[in-house]
Amino acid sequence: MTLTPAATLPLIVATPLLGAAFLVAAGRRMPRRAAETVGAVFAAGTAALAFSVLLRGASAGGPGGRAVEWLGGWRPHGGVGVGIVLVGDRIGVGLAAVASLLVVAVLAYAWRYFDEPPHRQAGTFPALVLIFQAAMCGFALTGDLFNAFVFFELMGVVAYALTGYRVEGARAVQGALTFGVVNSLGGYATLLGVGLLYGRTGELGFAQIGARLATHPGASSAG
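Residues numbered from 1 in each chain as written. Predicted model: local features only at pLDDT ≥ 70, side-chain atom pairs only at ≥ 80, totals over all residues. Heavy atoms only, no water.

Peer 1: Pulling in residues and values, what's your account of the overall build of the protein chain?
Peer 2: A count of helical and extended segments in the protein chain gives 7 helices and 2 strands. Reading the secondary structure of the protein chain in the N-to-C direction produces α-α-β-β-α-α-α-α-α. When the 223 residues of the protein chain are sorted by exposure, 38% land in the buried category. A separation of at least 24 residues holds for 67% of the contacts in the protein chain among residues at least 6 apart in sequence. Counting only carbon and sulfur atoms, one obtains 68% of the accessible surface of the protein chain, whose full area is about 12,200 Å². (Helix = DSSP H or I, 4+ residues; strand = E, 2+ residues; numbered from the N terminus. Buried < 20%, exposed > 50% of the residue type's maximum accessible area, 1.4 Å probe, protein only. Contact = heavy atoms within 4.5 Å. Areas by Shrake-Rupley, 256 points an atom, 1.4 Å probe, with all protein chains shown as cover.)

Peer 1: If you had to explain helix H1 (residues 5-26) to someone new, which residues and values would you point to?
Peer 2: Between its first and last C-alpha, H1 extends 31 Å over 22 residues, near the 32 Å set by a 1.5 Å rise per residue. The sharpest bend along H1 measures roughly 30 degrees and falls at Ala-14, with the proline Pro-16 sitting one to four residues further on. (Expected span 1.5 Å × (residues − 1). Bend = angle between axes of the 7 residues up to and from the residue.)

Peer 1: Quick one: what's the story with the side chain of Gln-133, residue by residue and with numbers?
Peer 2: You can see Gln-133 is positioned in helix H4 (residues 124-141). Accessibility expressed as a relative area gives 0% for Gln-133, which makes it buried.

Peer 1: Explain the environment of Leu-141 residue by residue, including any values.
Peer 2: Note that Leu-141 resides in helix H4. Each C-alpha atom, one on Leu-141 and one on Gly-88, is 5.9 Å from the other, the two residues being 53 residues apart in sequence. Sequence-distant contacts of Leu-141, defined by excluding residues within four places in its chain, comprise Leu-9, Ile-12, Val-13, Val-85, Leu-86, Val-87, Gly-88, Gly-92 and Val-93.

Peer 1: Please give an account of a nonpolar patch on the surface that cites residues and values.
Peer 2: Residues Tyr-160, Val-173, Leu-177 and Phe-179 make up a contiguous nonpolar surface patch of roughly 330 Å² in combined accessible area. The dominant element in the nonpolar patch, judged by the number of residues it contributes, is helix H6 (residues 170-201), at 3 residues. Looking at the element boundaries, Tyr-160 is found in helix H5 (residues 145-163). (Patch = residues over 30% accessible without salt bridge, like charges linked within 9 Å, V, L, I, M, F, W, Y side chains within 5 Å. Salt bridge = Lys/Arg side-chain N within 4 Å of Asp/Glu carboxyl O.)

Purely spatial values, then, with no claim about function.
If you want it as structure tokens, here you go:
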């Protein structure tokens, strides 16, 4: 059975997460080359899924020229939706595909860049990179403002860990702490923006926010 573009969207986010979970569970017993190969395979599989949606035409999947998938079947009722929605337009799917290709390049480059990892930690780095890939793809495909913030924060947490990956070096620790402080300030500002938009429109979906602002550009939710 061939998956539709809309049904493929969750797999673009789930595939690297499954790869990361596998590496966390089995990476301690795998040699470095095997763990990094597994990470590259999952990253390349995610890129292939994104390109398949792009080549088949995400615009064929839903209203407004977009493929739309509500996870768990939590579709809106009466114009109100509380589910997680993924939207696959050409820009979002293209960004997910490009990000996935970059992740494959990162994992391939790391084969020669990094020294031999500590014992029983061969899967740590590729697992972190795969989680970062899932967060980037989710951020590119989400159709909900709050979920975009969640994926943004997931990217920040993993980037913090990757920045300080070589924890034995003082520069890595200093860079990780600096990044953590700056990213936290950015996260607070983003969350404030989410709250202001929700207070103004009463909506979190991108489409609903745009429609509400277009219909009532000068009105507030209280008025």
